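Residues per chain are reported as follows:
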Amino acid sequence: MKASWEKIEKNLGILTVEVEQDKVNAALDQAFKKVRSRITVPGFRKGKVPRAIFEKRYGVESLYQEALDILLPEVYVEAVRQTGIEPIDRPDIEVEQFGKNQEFKFKAKVQVKPEVELGEYKGLEVPVQDAAVTAEDIEAELKRLQERHAELVVIDEGAAQEGDIVVIDFEGFIDGQPFEGGKAEKYQLELGSRAFIPGFEEQLVGMELGDDKEIQVTFPEDYHAEALKGKTATFKVKLHDIKRKNLPALDDEFAKDVSEFDTLEEFKQDIEKRLQEQKLQERKRAKEAAVIQKASENAKVEIPEVMIENEVNRMLNDFANRLRMQGMNLNMYYQLSGQTEEMMKEQMKGDAETRVRNNLVLEAIAAAEKIEVSEEELDKELESLAKAYQKPVEELRRMLEANGSLDNLREDLVLRKTVDFLVEHSKESADVA
């Protein structure tokens, strides 16, 4: 098979392919076997008609489309491999010649990954976050744990306070008319959580058990539901219950109850150690993000719209998978949030473009610096994944090879090594964050 690639503009080109007639005839043989099993010819059992009789009755041309469907995917993949191009979208294929005892000739108009013109990427100055753990950090973590282990006590009398969990009925109206999603019964809401639109929770503070109240709020201009953006709404609210958090005392008993330590002082030391590790990780991630951003900003690349669309679809699929793990699907999410698929995709578009751009730049840097992943490094990553998924290493390797994910894993490792390379060759900004 012969394959050649000719660039015609930017990231668009023509792939020209010629396939030997032996492969064409073999594909026609496979096509005949598939077609023969589906047809009945008088005088022959179903699926038993001879090839010569079939071609005389129907013509060999009746096999061409089936044979093309068999042969084209295989030879296209091989042509891509031979020419070393990286398609980013479905090809536009024009068949020039296909027939029995003939070469198969076709041309494919293909969009490929855009070329990246790298700018400065070594010696970049990046700010570094302060990783010091303060007494305030430790107290804040203790406060969080104290809140998490608080006992909820039902209040028999008195007014709702910020931090209380209230059980309410509410119904919203705009211009005197109820609107979709604006009504609920026995809804639990923590005052101060900012779960509702600004102004709603604040106006519940001071209400007493059994109170009815009308409150007014204005939906933000960037609210997700188009029909409610910037609108003023009146909510009728009834307060049924107030639950208040009874915080446990921060003492040695608390430390024993929530940790493996006998004293509060030992527990605080452990919290400091964990916060230190967390801050160091956050600093590392922030430094990586900063150096990637600077290298990306210094590069020049025109990103095809199809790459952004593909990344948006991947992000939406990832989001759908996370929802499924929570027992929800996209349709349920759309109904609850008031969003649509189009709105979600539009919101994801900016992040998708950034991801695509960053990956293209990192790939270009990896190629320029000849950054590769050894078999030993790949094996080490497989061992780590196998341990996490509790599967034998060889079984995991076979699974990844079968679904084509092993190469993706190798590419991910190359990108990780490239980020490490950028960080290693960066320098801390004089203005340290």
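In the block above lies the structure referred to throughout.
First, a word on what this report is: a plain description of the structure on this page. (Residues numbered from 1 in each chain as written. Predicted model: local features only at pLDDT ≥ 70, side-chain atom pairs only at ≥ 80, totals over all residues. Heavy atoms only, no water.)

Focus on the environment of Lys46
Moving on, step 1. Within the secondary structure, Lys46 is located in the loop between α1 (21-36) and α2 (51-58).
Moving on, step 2. Counting along the chain gives ten residues from Lys46 to Arg36, while the straight-line C-alpha distance between them is 7.8 Å.
Moving on, step 3. If we ignore the near neighbours within four places in the chain, the residues touching Lys46 are Ser37, Arg38, Ile39 and Thr40. (Helix = DSSP H or I, 4+ residues; strand = E, 2+ residues; numbered from the N terminus. Contact = heavy atoms within 4.5 Å.)

Digging into the sheet that holds strand β3 (residues 92-97)
Backbone hydrogen bonds hold the strands of a sheet together, and the pairing may be parallel or antiparallel.
Moving on, step 1. Read across the open sheet, the four strands follow the order β1-β2-β4-β3; overall the sheet is antiparallel. The open sheet has two edge strands with one neighbour each: β1 (2-9) and β3. Mean inter-strand twist for the sheet, computed between neighbouring axes without regard to direction, equals 20 degrees.
Moving on, step 2. Relative to the sheet, helix α3 (residues 64-83) contacts β1, β2 (12-19), β3 and β4 (104-111), its axis offset from that of β4 by approximately 60 degrees. (Pairing = 2+ DSSP bridges. Axes fitted to C-alpha atoms, helices over the stretch in contact; angles between N-to-C directions.)

Quick look at helix α6 (residues 264-298)
Moving on, step 1. The end-to-end C-alpha distance of α6, which contains 35 residues, comes to 50 Å, matching closely the 51 Å that a straight helix rising 1.5 Å per residue would cover.
Moving on, step 2. Contacts from the buried residues of α6 go to β5 (125-126), α4 (135-148), α5 (252-258), α9 (341-368), α12 (406-424) and β11 (427-428). (Expected span 1.5 Å × (residues − 1).)

A short note on the packing of α9 against α12
Moving on, step 1. Where α9 contacts α12, the axes come no closer than 9 Å and their chain directions differ by 80 degrees. Considered as vectors, α9 and α12 are oriented roughly perpendicular to each other. In this structure, α9 uses Asn359, Leu362, Glu363, Ile365 and Ala366 to contact α12, whose residues at the interface are Val414, Leu415, Thr418, Val419 and Leu422.
Moving on, step 2. Counted by class, the contact of α9 with α12 contains seven nonpolar, two polar and one charged residues. (Parallel < 35°, antiparallel > 145°, perpendicular 65-115°, else oblique. Nonpolar A, V, L, I, M, F, W, Y, C, P; charged D, E, K, R; others polar.)

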